[in-house]
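Reading the structure
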Amino acid sequence: MDTFIPPLEYHYDTFTLRAYRPGDGAALQHTVNASYEHLRQWMIWAKPNQSLEESEAICRRFAGQYHLNQGFTLGIWRGDALVGGTGYHLPKQGLEHGNAEIGMWIAAHEAGRGLGTRTLRALLDWGFSEWPWQRLFWRCDTRNLASAHTAQKAGMIREGTFRSDGIHVDGTRRDTHLFARLRTEYTPQPPH
C-alpha cells in the first residue's frame, strides 16, 4: 500500500469526529471523570479521577499513533466539548489488510440519545469513502445490549458470537458478539 495520510476530521450531523491533538487533555479528563460510573461497567480502561497529566499524555499518544498509521483514535466533539470517543483500531495485520475494528464510548449525559448509532453510521460512511477499509467490525460483550443494538441500528451484520473469549471488567469470562460490514455491501445512510 502506498503511504496513507489519514484524514483528520469528519463533520456529520451535530458532531465532528476528529483526531486527538495536544491540548485536548482537559476535555478528555473532564468527560471521562464525569462519566466514570457510566463507563466502568464496560470499559476496562476507565478509572476514577483521571488526572490532567494522564489525560494529556493519552491525547498525545493517540495523536502520535494516528500520524504514524498505528491506530486511529478519534474524539466525538460538539464544538469544544468532548462527548465520547471512538476510532478505527487496527488488528495485528495492520493497515495494509484493509480491516479495522470500531470501538466507542459515549459520555454519560449523552447515553441513550442516539449519539452512538449516529456516530457508528458516520464511521461507516467515512470509513468506506475516505479510508482504505474493506471490512469494518464491531465487538461487544453479549451483556451490553445497548452496544449490540447500536451496531444493528447502524446496519452492521452480526456474524457470530465468540464464547468465553474475553475477560469482563469484573474479572469474569465473557462472550462477545461480532458485527461487521464490508465496503462492497455498504450503502451510505443519511443522518437520523
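Just so it is clear, the structure is predicted and the values come from calculations on it, not from any experiment. (Residues numbered from 1 in each chain as written. Predicted model: local features only at pLDDT ≥ 70, side-chain atom pairs only at ≥ 80, totals over all residues. Heavy atoms only, no water.)

The next point concerns the overall build of the chain. Along its length, the chain carries five helices and eight strands. Counting helices and strands in the order they occur from the N terminus, the chain gives β-β-α-α-α-β-β-β-α-β-α-β-β. Whereas a compact globule of 192 residues would reach a radius of gyration of roughly 16 Å, the chain reaches 16 Å, a difference of no more than 12%. Judged by the C-alpha coordinates and their principal axes, the chain covers about 45 × 40 × 35 Å. In the chain, which comprises 192 residues, the proportion classed as buried is 49%. Intrachain contacts of the chain at a sequence separation of at least 6 include 63% that bridge at least 24 residues. For the chain, the accessible surface area stands at approximately 9800 Å², while carbon and sulfur atoms represent 52% of it. Side chains of the chain give 21 positive and 20 negative charges; the mean places of these two sets differ by 5 Å. (Helix = DSSP H or I, 4+ residues; strand = E, 2+ residues; numbered from the N terminus. Rg over C-alpha atoms; globule rule 2.2 N^0.38 Å. Buried < 20%, exposed > 50% of the residue type's maximum accessible area, 1.4 Å probe, protein only. Contact = heavy atoms within 4.5 Å. Areas by Shrake-Rupley, 256 points an atom, 1.4 Å probe, with all protein chains shown as cover. Lys, Arg positive; Asp, Glu negative; His and termini not counted. Charge placed at Lys NZ, Arg CZ, Asp CG, Glu CD.)

Spatial strand order, β1-β2-β3-β4-β5-β6-β8-β7: eight strands in an open sheet with mixed pairing. The two strands at the open ends of the sheet, each matched to only one other strand, are β1 (9-12) and β7 (157-167). Across the sheet, the mean angle separating the axes of adjacent strands is 25° when strand polarity is ignored. Two strands pair when backbone bridges link them, and strand β3 (residues 72-78) and strand β4 (residues 81-89) are joined in this way by seven bridges, in the antiparallel orientation. The partner of Gly75 across the bridge, within β4, is Gly85. Most of the contacts of helix α4 (residues 115-127) go to strand β5 (residues 99-106), to which it runs at about 155°, and overall it touches β1, β2 (15-19), β3, β4, β5, β6 (135-141) and β8 (173-182). Running at roughly 155° to β6, helix α5 (residues 145-153) makes contact with β6 and β8 of the sheet. (Pairing = 2+ DSSP bridges. Axes fitted to C-alpha atoms, helices over the stretch in contact; angles between N-to-C directions.)

Pairing analysis gives seven bridges linking β6 to β8, with the strands arranged antiparallel. Note on β8: the bridge partner recorded for Arg139 is Leu178. Bridge count between β7 and β8: seven bridges; the pairing is antiparallel. Within β8, the position partnered with Arg158 by the bridge is Phe179. Hairpin geometry of β7 and β8 is characterised by an intervening segment of five residues between the two adjacent antiparallel strands and by a positive phi of about 95° at Gly171.

Moving on, we come to the packing of α4 against α5. Packing of α4 against α5 leaves a shortest axis separation of 9 Å and a crossing angle of 45°. On the basis of their axis angle, the class for α4 and α5 is oblique. Note on packing geometry: the crossing formed by α4 with α5 is right-handed. Taken together, the residues of α5 that come into contact with α4 (itself represented by Gly116, Thr117, Leu120 and Arg121) are Thr150, Ala151 and Lys153. When grouped by side-chain class, the residues that make up the contact of α4 with α5 number two nonpolar, three polar and two charged. (Parallel < 35°, antiparallel > 145°, perpendicular 65-115°, else oblique. Left-handed = near helix turned anticlockwise from the far one by under 90°. Nonpolar A, V, L, I, M, F, W, Y, C, P; charged D, E, K, R; others polar.)

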